[in-house]
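Report on the structure
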Amino acid sequence: MRLDWEIAKRGWGRYAAYPAAAWAGAFTNCVFGFMQAYVLIALFRHRTDVGGYDVGDAVTYVWLAQGLLMTVYVFGWDELALRIRDGSIATDLSRPLNPQRYWLAFDLGRAPFHFIFRGIPPFLIGAFVFDLHYPTPPLAVAFVLSVFLAVVVSLGFRFLYNVAAFWIVDHRGVLRLSVTACLFFSGMTLPLAFFPHWLETFARLLPFASIVQVPIDVYLGKHTGLDLVWVLGVQASWAVALLAIGRVALTRGTRKLVVQGG
Amino acid sequence: MAESFAVYCRLAGANIRAQLQYRVSFVIDLTATFLLSFLDFLAVLILFHNVPRLAGWSVHEVAFLYGSSAIAFALAELLVGHSEQLAMRLRTGTFDVLLARPRGTLYQVAASELPLRRLGRVLQGLVVFLYALAGVNIDWTLGRVAMLFAMVPTGVLLFASMWVVALCLLFWTVDGNEFSNAFTYGGQTMTQYPIDIYGQWLRRFLAYLVPTAFVCYFPSLYLLGKNDPLGLPRIVQFIAPLVALASAAVAGLAWRTAVRHYRGAGG
Amino acid sequence: MIEVEGLRKEFVLRDGRFRRRRRTVEAVRDISFRVGQGELLGYLGPNGAGKSTTVKMLIGILVPTSGRVRVAGLEPSRQRIELARRLGAMFGQRIQLWWDLPLIESFELLRHIYRIPPDRYRQSLARFREVLDLDPFLRTPVRQLSLGQRIRGELTAAMLHEPELLFLDEPTIGLDVVAKQRVRAFLQEINSERGVTVLLTTHDLGDIERLCDRLLVIDHGSLIWDGGLSELKERYSGERTLIVDLEEPAPPLQLDGATVERVDGVRQWLRFRGSAAELTARAAATLPLVDLQVREPDIEEIVRRIYEAPEP
């Protein structure tokens, strides 16, 4: 437990060491936030309700999505893949620490940093300019829990497409494919509720929805009571499932490495 | 001038040959980029699944804007969007190697890379644009035809200038990327939709400070025969090439300043 | 060929939180020297002394804070491109060849970058192929070359366009003994037969011994030696070292005119000037000696002493 805490601190520190990057990134988040908000406002000029959202929900959605973007790290992460490609994974594996556990702890240290420094500033700007919706205290707690689960699901997924580097030479191609799919189906580009019904149903079957769409819907109060428990449960299940598959993949990959004498 | 172009072709050709060494990987990459970029346009289609018009524009009209903007941006990115290369050169000190050679540094940076994979994005833009042409009613005049052909080159020049300015930021901060992304990729996203939808201040910012509106929006107004809700004089629709040239000049100046800073203070 | 007068370079570093504190570092302080055509000189100094900063100012990569620089009659910072045609540079660790392509293709590209006429290119390349034995790996991608092969390729790349002036930064680093010999012989040849001026920045004392007649030594930004290698040795060869082995370990010997540099068990190192025989007699009179050696200072000694000197 103590070890996990130490690793998490390193995760935080790794990103806290570059405050300029955080501010610059937050600025970019704001720019995109404004653009997307206006696009959706234009959309709502023709209708008052789309997929169960009103204009306030939609704009809040945009700013939450921009705020959560770095927290759940939907863009490409390939640190592990690079270590596999250049062989330093061998050193990692020689230590008495499961790499998956390491990266999970690391990410759980990183996420709070991004939540605070990349999440809150853009959201505040959005709140200042637009009329956003705010959750009740119990929903806020549920929201934080949902974000935590989303981070784990995201890590589980990122771990998977990184572990693929054991087998696939061009890990960047896999990266691009995974990130694009994730961006689209997580609800980052547009709320899944706006999708045509068949596409939305399909999207909700995938784990990506648990990364962005679900936490935001929890915040907006779209899930209450038993429904809320159910949706959090789905997130948790995906987290466990992805981590389990990742674990297996890592073992298989390691075996391949040992056999090839890497 | 011709000689410089010939040498550019050789340098870029060398990079292309290096890319093609991994032939299978390259084809997969190109196809994947092409297909995946459609997901981006899919978002536009999904919007229109919910409403018939967006700020008075039909889906084909928005596609017209999106397509032309995508083609211009992707081509510009292909030619000068080499932020990773420049960041690496600055980090490892190999930028100095460029300074020891008898050629301009921006020229060498641009010529060293031509990531063909990005053509996938260009193709996607083209497909969307053709879809748009199929669905809009353009009152073709000689002027409009000329505008159509001028739109993409001016767009490329304008976006390329923005990219060069973004590259300049890297000389001051390693994290220059994070900041410039707001303008490069942000600039592209902005031009995909009619700027009518943006709030007053953002519209003015877009039109006057960061001239992305000139890329496709104003020419599109002319081509599609729409009225400018901003109420600007009609001449604005025709000055895109001038704006592009001015931006190129600004970009060149910015680069010179950046390298001067590097040579004066860094290394 | 090179004229440097009162050259200074200051860097402003920003420290502390939010980079608010500004600190000025003088990397190069008031350096002056002249290099004639056809000279082959070594440029030495501890790491961080200002060697690469000086060289970068000579090439035109960095702009001096003040002072006057003329290289081949041109002002590097203002006439960078024109000067670049006439000089060749090799930056040791930094690869200038194209990584994924066969070596020969890098040469072809450089031919176009430097605008070398086709027949001169062919002649030049033929010569390098022969002298540096490039044929076995001419068509191999650079990323697959061994270090020695890569360095030979880089040297060729720096000289294909037949520059009058060559700046080499650690050209023999990491090479095995045979490869080092070959490179040194090559540099010697181009300097003596073709009159190419060479400024060699190096830590390798073998390079210095074998190639350089003249040395520039820089430390903490200032030039602390500008002269011949033999003069440098003479200045220091007044001092030799007497190594004595005693019967038993003893405290450092107190002898007039000799300083004990080091003690290790029964062995003591004594630095002295003058007659070795006379000192030996005096030492033997103090304590019984079992064995002794007299050592001349080698270049490594000298350089080490220079590097270890306190900041002037």
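Keep in mind the model is a prediction, meaning the values are calculated, not measured.

A few points about the interface of chain B and chain C
Tallying the contact residues gives 21 residues for chain B and 24 residues for chain C. Elements represented by at least two residues in the side of chain B that touches chain C include exactly α1 (2-20), α5 (95-99) and α12 (240-265) of chain B. When residues of the side of chain B that touches chain C are assigned to their parent elements, the largest contribution, six residues, is made by α1 of chain B. In the side of chain B that touches chain C, the residues fall into nine nonpolar, six polar and six charged.

Some remarks on the domain arrangement of chain C
Splitting chain C by domain gives domain 1 (38-57 + 73-233) and domain 2 (239-296). For domain 1 of chain C versus domain 2 of chain C, the distance between C-alpha centres works out to 44 Å.

Re the packing of helix α8 (residues 171-185) of chain A against helix α2 (residues 23-50) of chain B
Running from N to C, α8 of chain A and α2 of chain B cross one another at 10°; their axes reach a closest spacing of 10 Å. With respect to each other, α8 of chain A and α2 of chain B are oriented roughly parallel. Listed contacts from α2 of chain B to Gly-173, Arg-176, Leu-177, Thr-180 and Phe-184 of chain A of α8 of chain A are Ser-25, Ile-28, Asp-29, Ala-32, Leu-36 and Leu-39 of chain B. Broken down by class, the residue content of the contact of α8 of chain A with α2 of chain B amounts to six nonpolar, three polar and two charged.

Overview of the interface of chain B and chain A
With 29 residues of chain B at the contact, the number on the chain A side is 29 residues. At the level of secondary structure, the elements contributing two or more residues to the side of chain B that touches chain A comprise α2 and α9 (176-191) of chain B. If you tally residues by element for the side of chain B that touches chain A, the top one is α2 of chain B, at 11 residues. A breakdown of the residues in the side of chain B that touches chain A according to their chemical character gives 17 nonpolar, eight polar and four charged.

Here's the deal with the environment of Ala-58 of chain A
Residues and elements named next belong to chain A. The topology assignment puts Ala-58 in helix α3 (residues 55-71). The exposure class of Ala-58 is buried, given the 24 C-beta atoms found within 10 Å. For the pair Ala-58 and Ala-37, spaced 21 residues apart in the sequence, the C-alpha separation amounts to 7.7 Å.

Here we look at the confidence of the model for chain C
Residues and elements named next belong to chain C. The predicted model of chain C has a mean per-residue pLDDT of 85, with 94% of residues at 70 or higher. Looking across chain C, the model is least confident in helix α10 (residues 299-308), with a mean pLDDT of 70, and most confident in helix α3 (residues 103-113), with 93. For this predicted complex, the interface confidence comes out at an ipTM of 0.81, alongside a pTM of 0.83.

Focus: unusual backbone geometry
Residue and element names in this part refer to chain C. With a phi angle near 50°, Ala-72 is a residue other than glycine that sits in the positive phi range. The backbone of Arg-115 shows a phi angle near 55°, a positive value even though the residue is not glycine. Position of Arg-115 among the secondary structure elements: in the loop between α3 and α4 (118-131). On the basis of neighbour count, Arg-115 is assigned to the partly exposed category, with 13 C-beta atoms found within 10 Å.

Rules of the game
- Residues numbered from 1 in each chain as written.
- Chains lettered and ligands numbered in written order.
- Predicted model: local features only at pLDDT ≥ 70, side-chain atom pairs only at ≥ 80, totals over all residues.
- Contact = placed C-beta atoms within 7 Å.
- Helix = DSSP H or I, 4+ residues; strand = E, 2+ residues; numbered from the N terminus.
- Nonpolar A, V, L, I, M, F, W, Y, C, P; charged D, E, K, R; others polar.
- Domains from an automatic or database assignment.
- Axes fitted to C-alpha atoms, helices over the stretch in contact; angles between N-to-C directions.
- Parallel < 35°, antiparallel > 145°, perpendicular 65-115°, else oblique.
- Buried ≥ 20, exposed ≤ 12 C-beta atoms within 10 Å, placed from the backbone.
- pLDDT = per-residue confidence, 0-100.

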